[in-house]
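# Reading the structure
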Amino acid sequence: MLTETAYAKVNLALHVRRRREDGYHDLESLFAFVDRGDVLSVTPRADGGLSLTIDGPFAHGLDSGDDNLVLRAAQSLRISVCPSNSLGNLGGLGIVDSGHFGADLHLTKNLPVASGIGGGSADAAAALRLLNRLWGCNLSDRELCAIGETLGSDIPACVISQSLRVEGRGEALAPLDLPGLSGTPILLVNPGIPLGTAPVFRGWDQVDRGPLDTSSLEAVITNGRNDLEAPARALVPEIGDVLERMRAVPGATLSRMSGSGATCFALFDSPQACSTAEQALAAEQPTWWLMSGRVR
């Protein structure tokens, strides 16, 4: 059995520059990835079929059928590497004539759903990486990103799962090695309320507040922002409670909301400060979800 981590994605800053005519938004963001997340495992399947099972603390209500992004990613990868005449169409996702391209996938869902930290995109990206290994496709990250882009804007970044400057609607990626970022202790906190991306973007006030400076981690901390925080807080006021509490904990060097929310994060100057904050918040707010780790 092979396994792959679907690393949690964090927007250390997210600047929304404009709404495009195609309905998407032009963004400038700094993506970082935590060394923890959902876990995807796979066993080969001789008949060429594809299946998905899900467990974990956030498995409830998730559909493991054909529309799940994990299975869609698996099917997209399979189509890209199989000759077109080797694919059957025997219900569901279909059966390939060669059993080499079958798989039974299992997802342990540790990250909350609709929470601004990658979620389904990270799971789909993990499926691409995992099946690339299982099936011996030998595709490069660039090729996997091209497949992922057809499924969702954040999937290419999640394929790479390293710190990136992201622009456009999420398709323009540039690796960014900021001194002092990798290995930094990080704490993620969610108030336990799912929040869809579309309503938050609809609430953006369409004011361009300027470009994102990623010349240094200090510039991101001092001048960066999340332009979706205000509309997200209007929909889920509890986000404000999380941020207020996290900004008050000792040792936190940066606290912001990630993505479209409702998950927030804090970077810390030491593992001990991160651990102490996690324990204190867990005791004070037992209904909040918390996860600590390090930036990859």
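Here, the structure is the one placed above.
Here we summarise the structure given alongside this text. (Residues numbered from 1 in each chain as written. Predicted model: local features only at pLDDT ≥ 70, side-chain atom pairs only at ≥ 80, totals over all residues. Heavy atoms only, no water.)

## Side note on the pairing of strand E4 (residues 103-108)
Side-chain alternation along E4 places Ala103, Leu105 and Leu107 on a buried face and Asp104, His106 and Thr108 on a face that remains uncovered. Pairing geometry for strand E2 (residues 25-44) and E4, over 6 bridges, is antiparallel. Looking at E4, one finds that Ser41 is bridged to His106. Sheet topology note: the strand E3 (residues 50-55)/E4 ladder contains 6 bridges and is parallel. Paired with Leu50 across the bridge in E4 is Ala103. (Buried < 20%, exposed > 50% of the residue type's maximum accessible area, 1.4 Å probe, protein only. Helix = DSSP H or I, 4+ residues; strand = E, 2+ residues; numbered from the N terminus. Pairing = 2+ DSSP bridges.)

## A word on the side chain of Lys9
Residue placement: Lys9 occurs in strand E1 (residues 2-19). Only 2.8 Å separates the side chain of Lys9 from the side chain of Asn11, close enough to count as a polar contact. Aside from chain neighbours lying at most four places away, what touches Lys9 is Phe31, Ala32, Phe33, Gly116, Ile117, Gly118, Asp154 and Ser258. (Polar contact = N/O pair within 3.5 Å; in protein donor to acceptor, adjacent residues only side chain to side chain. Contact = heavy atoms within 4.5 Å.)

## Digging into the nonpolar core
Counting 39 residues, the largest nonpolar core has Leu40, Leu77, Leu105, Leu128, Leu131 and Trp135 as the members making the most contacts within it. For this core, the element with the most residues is helix H2 (residues 120-134), which contributes 8 residues. The residues touching Leu77, leaving out its near neighbours within four places in the chain, are Leu128, Leu131, Asn132, Trp135, Cys137, Leu139, Leu144 and Ile147. If you look at the next biggest cluster of nonpolar residues, it comprises 28 residues, including Leu14, Met246, Met257 and Phe268. (Core = buried A, V, L, I, M, F, W, Y, C linked by side-chain atoms within 4.5 Å.)

## Quick word on helix H1 (residues 69-81)
Over its 13 residues, H1 extends 18 Å from the first C-alpha to the last, a length consistent with the 18 Å expected when each residue adds 1.5 Å. Three or more residues of H1 are buried, namely Val70, Leu71, Ala73, Ala74, Gln75, Leu77 and Arg78. Tucked into the core, H1 has its buried residues touching E2, E3, E4, H2 and helix H3 (141-149). For H1, the capping residue at the N-terminal end is Asn68, with a side-chain oxygen 2.8 Å from the backbone nitrogen of Val70. (Expected span 1.5 Å × (residues − 1).)

## Examining helix H9 (residues 271-284)
Between its first and last C-alpha, H9 extends 20 Å over 14 residues, near the 20 Å set by a 1.5 Å rise per residue. Along H9, the residues classified as buried are Ala273, Cys274, Ala277 and Leu281. On an axial view of H9, the arc spanned by its buried residues comes to 100°, and they lie on one face. Away from its buried face by more than 90 degrees, H9 exposes Gln272, Gln279 and Ala283. (Arc of directions from axis to C-beta.)

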